Amino acid sequence: MKIDVADAHLHPRTNPLAEAYDEFIALFANVLFAVSLFAVWGLLTIIGVIVDQGKDPGFYWQNYTPPLARLVLRLDLNNIYHSAGYVGIIGLILLSLAVCTFKRVIPARLPPLRAVKIDKIPLNASVAVRGEEEAVRGRVNAFFTERGWQVRSREIGGSEWTFADKHNWARRGVLVAHVGFVIIAAGTSLYWAKGFSGTTAVISGQSVVIPETKARITLDRFGYRIDPVQTKSGTVYQPIDYVSDVTYTGADDVAHKAILRVNHPLDIDGTEYYQASYGYAIDFSLTHNGTPVATSPRGPLKEGDGFPIGTSNRSIQYAQFIGTVDRRTGQAAADPRPNDPAVVIDAFEGDREVGRALIPLGGSIDIGGGYRLAASRYTLYSGFQYRYDPGIPLVGIGAFVLLAGLCISFYLLPARLYVQITGANRNWNVGIAATTVKGYTIYEEQFAALVEALRRSEDGPRGSRTAAPAFGTA
Amino acid sequence: MDPGKQALDQVLLVTGISAYVTGTLVLIGYFLSRSKLLKQIGIPLAAIGCLAQFAELGARWNMTGVWPLTNLYGSLSLFSAFGVLIFMIFAIKYDLWFIGFGVLGIAAISLGYATTWNEGYMPAVPALQSYWIKVHVPLVIAAYASFMVAFVVSLIYLLKASFEKRLGGSAIRGSAAGAGANIGVSMSAAYAAPPANVGAIKSDTPRIDAAAARGDFWGLWLAGLPSLGKLDILTYRIVAVGLPLLTVGIITGAWWAKEAWGAYWQWDPKETAALTSWIIYAAYMHLHTRSTWRGSRTAWVSVIGFISIVFCYLGVNIFISGLHSYKM
Ligand code: HEM
């Protein structure tokens, strides 16, 4: 394999810039450098599996030892896939891939037709053949052609060489795989450049307008099914289906009815909407000595929403909906369906949590200072995710191109035979050597069988050639 | 649930495990003794275990009406079944029966472990009710199974290479590595040296061959294994089945994720662990293009790759919570 840079070392360049360029090319065209980049990419990826991603800094301080938490936050390991390091390594891989493809893969994969020392190539053989030179050459060439080899003859250094190639075109498989990878990378970048995504939640009977698309979605009804299932370790409550009946208005300003279900997204003007979650919105009312308080919530609250208690620095947050309260323990029962519902609320003083309480739906509790909090009915709400990703077609095409490249590279073995016929009068010796892009061992048996077939076709009576085994891929 | 069908399910499960356990023992015997008889007993045991497993998964599907691969029990069962199936395909083509004890052993362990996750018959959560699961899961599991078979061949490679080293040689790496001298009782005629007159590829374990020529037990035993070059190529061929399968598995998973969660890639721990494994095997393929890396080093990469697969498959499901951790 010839690399320009090797020549450059033989004739050192005097221009330091040109020298630096040569060194850059040498480094980036090196497969081992590429594999080192792969190793760093793999390492960063696995760190993201082990370190929780996208949590608040407080989470890390709470759950990790302080030095580890500091490390995670300093190095952006909490958001590793969008960190400069991660994006940078993929950039380096693409750069290396481009340099390597042009400097190594393309030039090396289509080797020139040149003379070789046949007996220096580990896969070599010689077959004795008798007959007129022209007839022998014709028979040998026909032997390879019949078996699907592309045969070319050249006169090199005064002697005639025959080159037989199999699956020569498959030498481009690597190129195809690399191009596929680049297309995927381009598709993903397109989302970063032009796409958007978000989440929204709509309470039954209400509407939302998606800020990026201006589409209006009204949740007419949300329904779900959860079934109790008997398993070996007891009853499990298994979700079976979530469905949102919606009315939406997109760019055409016409109201359309649609159903949104898990695994069945809804496309509104190119942006896709997904059934992502659901929950129970609760009507709370806060009173002070029996009279409603101004800070009492106006509409139903979703899990995580809160409100202040009058003018104090205390506040209430709706933490969790409990479908069925176990009356004996006063805790949540296993059945998540709203048979005997209650809500869990957290009380805060400033940012500090000071208490947690359970309010049965339809009931109320005293929260101190003359305040009383009541939780009345629940209304189901539906959570949607939406996403506009113009890169998807490119990622899809890239994936198929990559796959095609993998299959071409792995399953079609380009092999080249170097054939030289030497001798005199009617006694000739056919010297054959074989090379492949994946070393010699991979071709050993086929080469042996090929040589054996040639020998048999020459030994046997003319015309018995068809009895020889056919040869195909590796 | 129909008790008759449940009984059939149990019988098939027990048949699968018993066939693998006995098959493992018989093929260990074959590995050690090279007795043809043991090989001939081991092959049908592997086939029976594999068939029983596919029948069990089918019976379960028929009985519950629910695709059986929505939990760890189903997927581990399929992993064993695919592992044995892929092994048998390669064994028939390349006479790979000598690694059968390893593959059947892993299949028996994973099927045994699968039964600890057998919670009975449960319908799938909504996100799993998709036709994509019928494509994505089998592809990914088939990829895992291929890597498992490649892992076993790599271990045998490393075993032979380490003996060669211990005997004072350094196993020849690279493209010149080829067929071992055909000394001792060969595992198979397919690994016999090429016929005379075809330029001989030098033996890559001269020390082992010398030991075998002296009549040394281990030498004879190891010389009968395929050459290091052959073992390396076998690993390559099996990884070359696993990597495209994993690639299609990840692509179909991404497609499904796009339908179920709105984004084809969410950096979920399972996705990222699969990506890590994919990167390791892509590195394997690249290293294998270098003649100086072919051999022990790439065998180690294959071993590391399979460790990463086990982490991706079981570690993430069991220890890390995410969108994929459907533990039931
Ligand atoms: C840093 C980026 C990369 C570089 C520098 C690189 C370089 C190379 C080179 C030089 C070869 C051919 C070696 C030879 O035959 O002598 C090769 C082969 C190959 N590359 Fe890459 N590559 C990169 C990334 C990728 C990626 C991301 C993929 C996607 C899977 C890929 C897929 C392949 C395949 C399938 C082969 C053929 C392997 C075989 O035939 O066994 N490459 N690569």
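Residues numbered from 1 in each chain as written. Chains lettered and ligands numbered in written order. Predicted model: local features only at pLDDT ≥ 70, side-chain atom pairs only at ≥ 80, totals over all residues. Heavy atoms only, no water.

All names here are of chain A. Each domain of chain A was delimited in the assignment, giving domain 1 (13–108), domain 2 (111–167 + 413–456), domain 3 (196–279 + 385–398) and domain 4 (281–380). Summarising the inter-unit geometry, the C-alpha centres of domain 3 and domain 4 are found 28 Å apart. Taken residue by residue, the interface counts 12 residues in domain 3 and 11 residues in domain 4. For the domain 3 face of the interface with domain 4, the top three residues by lost area are Ile-203, Tyr-237 and Gly-279, together amounting to 51%. Taken together, domain 3 and domain 4 are joined by two residue pairs in polar contact (both at pLDDT 80 or more). Mapped by element, the contributors of at least two residues to the side of domain 3 that touches domain 4 are β4 (196–203), β6 (216–231) and β10 (271–288). With five residues, β6 is the single largest residue contributor to the side of domain 3 that touches domain 4. Across the side of domain 3 that touches domain 4, the residue classes tally to nine nonpolar, three polar and no charged. (Domains from an automatic or database assignment. Contact = heavy atoms within 4.5 Å. Buried area = accessible area lost by both parts, 1.4 Å probe. Polar contact = N/O pair within 3.5 Å; in protein donor to acceptor, adjacent residues only side chain to side chain. Helix = DSSP H or I, 4+ residues; strand = E, 2+ residues; numbered from the N terminus. Nonpolar A, V, L, I, M, F, W, Y, C, P; charged D, E, K, R; others polar.)

Residue and element names in this part refer to chain B. Once the domains are mapped, chain B shows domain 1 (1–124) and domain 2 (130–328). Contacts between the two partners involve 32 residues from domain 1, matched on the other side by 37 residues from domain 2. Summed over both sides, the interface of domain 1 with domain 2 buries roughly 3200 Å², with 80% coming from carbon and sulfur. The interface formed by domain 1 and domain 2 holds six residue pairs in polar contact (both at pLDDT 80 or more) in total. Put simply, the parts of the chain that give the side of domain 1 that touches domain 2 at least two residues each are α1 (3–33), α3 (72–94) and α4 (100–115). Examining the composition of the side of domain 1 that touches domain 2, we find that 11 residues originate from one element, α3, more than from any other. For the side of domain 1 that touches domain 2, a count of residues per class yields 24 nonpolar, five polar and three charged.

What follows is about the nonpolar core. Residues Phe-144 and Leu-417 of chain A together with Ile-99 and Trp-278 of chain B are the most contacted members of the largest nonpolar core, which totals 164 residues. Looking at this core element by element, the count peaks at 21 residues for helix α5 (residues 131–166) of chain B. Beyond its immediate stretch of four places on either side in the chain, Phe-144 of chain A contacts Trp-149, Val-151, Ala-164, Leu-417, Val-419, Ile-432 and Leu-450 of chain A. Core analysis: the next-biggest nonpolar cluster, separate from the first, contains 40 residues, Leu-219, Ala-258, Ile-359 and Phe-384 of chain A among them. (Core = buried A, V, L, I, M, F, W, Y, C linked by side-chain atoms within 4.5 Å. Buried < 20%, exposed > 50% of the residue type's maximum accessible area, 1.4 Å probe, protein only.)

With that out of the way, let us pick up a negative patch on the surface. Residue and element names in this part refer to chain A. Taken together, the side chains of Asp-252, Asp-253, Asp-267 and Asp-269 make up a negatively charged region of the molecular surface. Considering the arrangement of structural elements, one finds Asp-269 in the loop between β9 (266–268) and β10. Judged by its relative accessible area of 52%, Asp-269 falls in the exposed class. (Patch = residues over 30% accessible without salt bridge, like charges linked within 9 Å, V, L, I, M, F, W, Y side chains within 5 Å. Areas by Shrake-Rupley, 256 points an atom, 1.4 Å probe, with all protein chains shown as cover. Salt bridge = Lys/Arg side-chain N within 4 Å of Asp/Glu carboxyl O. Lys, Arg positive; Asp, Glu negative; His and termini not counted. Charge placed at Lys NZ, Arg CZ, Asp CG, Glu CD.)

Taken together, the contacts link 69 residues of chain B with 68 residues of chain A. Together, the buried faces of chain B and chain A total about 5600 Å²; carbon and sulfur atoms form 65% of this surface. In this assembly, chain B and chain A are joined by three salt bridges. Residue Glu-272 of chain A is joined to Lys-258 of chain B by a salt bridge in which the shortest nitrogen-to-oxygen separation is 2.9 Å. Where the side of chain B that touches chain A is concerned, the elements lending two or more residues are α8 (228–261), α9 (269–288) and α10 (296–319) of chain B. If one sorts the elements of the side of chain B that touches chain A by residue count, α8 of chain B sits on top with 18 residues. Taken together, the residues of the side of chain B that touches chain A sort by class into 46 nonpolar, 16 polar and seven charged.

Before going further, it helps to examine the sheet that holds strand β8 (residues 255–261) of chain A. All names here are of chain A. What the four strands build is an open sheet, ordered β5-β6-β7-β8; its pairing is antiparallel. Among the strands making up the open sheet, the edge pair consists of β5 (207–209) and β8. Going from strand to strand, the sheet's axes swing by 30° on average, the running direction of each strand aside. Sheet topology note: the β5/β6 ladder contains three bridges and is antiparallel. Residue Val-209 lies in a different strand from β6, and its bridge partner there is Arg-216. (Pairing = 2+ DSSP bridges. Axes fitted to C-alpha atoms, helices over the stretch in contact; angles between N-to-C directions.)

As a further point, take the pattern of salt bridges. Residues and elements named next belong to chain A. For the structure shown, the criterion picks out 24 salt bridges over all chains. One salt bridge in this structure joins Arg-328 and Asp-326, with 3.6 Å as the shortest N-O distance. A residue is classified by how much of its surface remains accessible, and Arg-328, at 76% relative accessible area, is exposed. Connected through salt bridges with shared partners, the residues Arg-152, Asp-165, Arg-171 and Arg-416 form a single ionic network.

All names here are of chain A. One open sheet accounts for five strands, arranged β1-β21-β20-β3-β2; its pairing is antiparallel. Each of the sheet's edge strands pairs with one partner strand only, and the pair in question is β1 (124–130) and β2 (150–156). Along the sheet, successive strands turn relative to each other by an average axial angle of 25°, direction set aside. Pairing between strand β3 (residues 159–166) and strand β20 (residues 415–424): six bridges, direction antiparallel.

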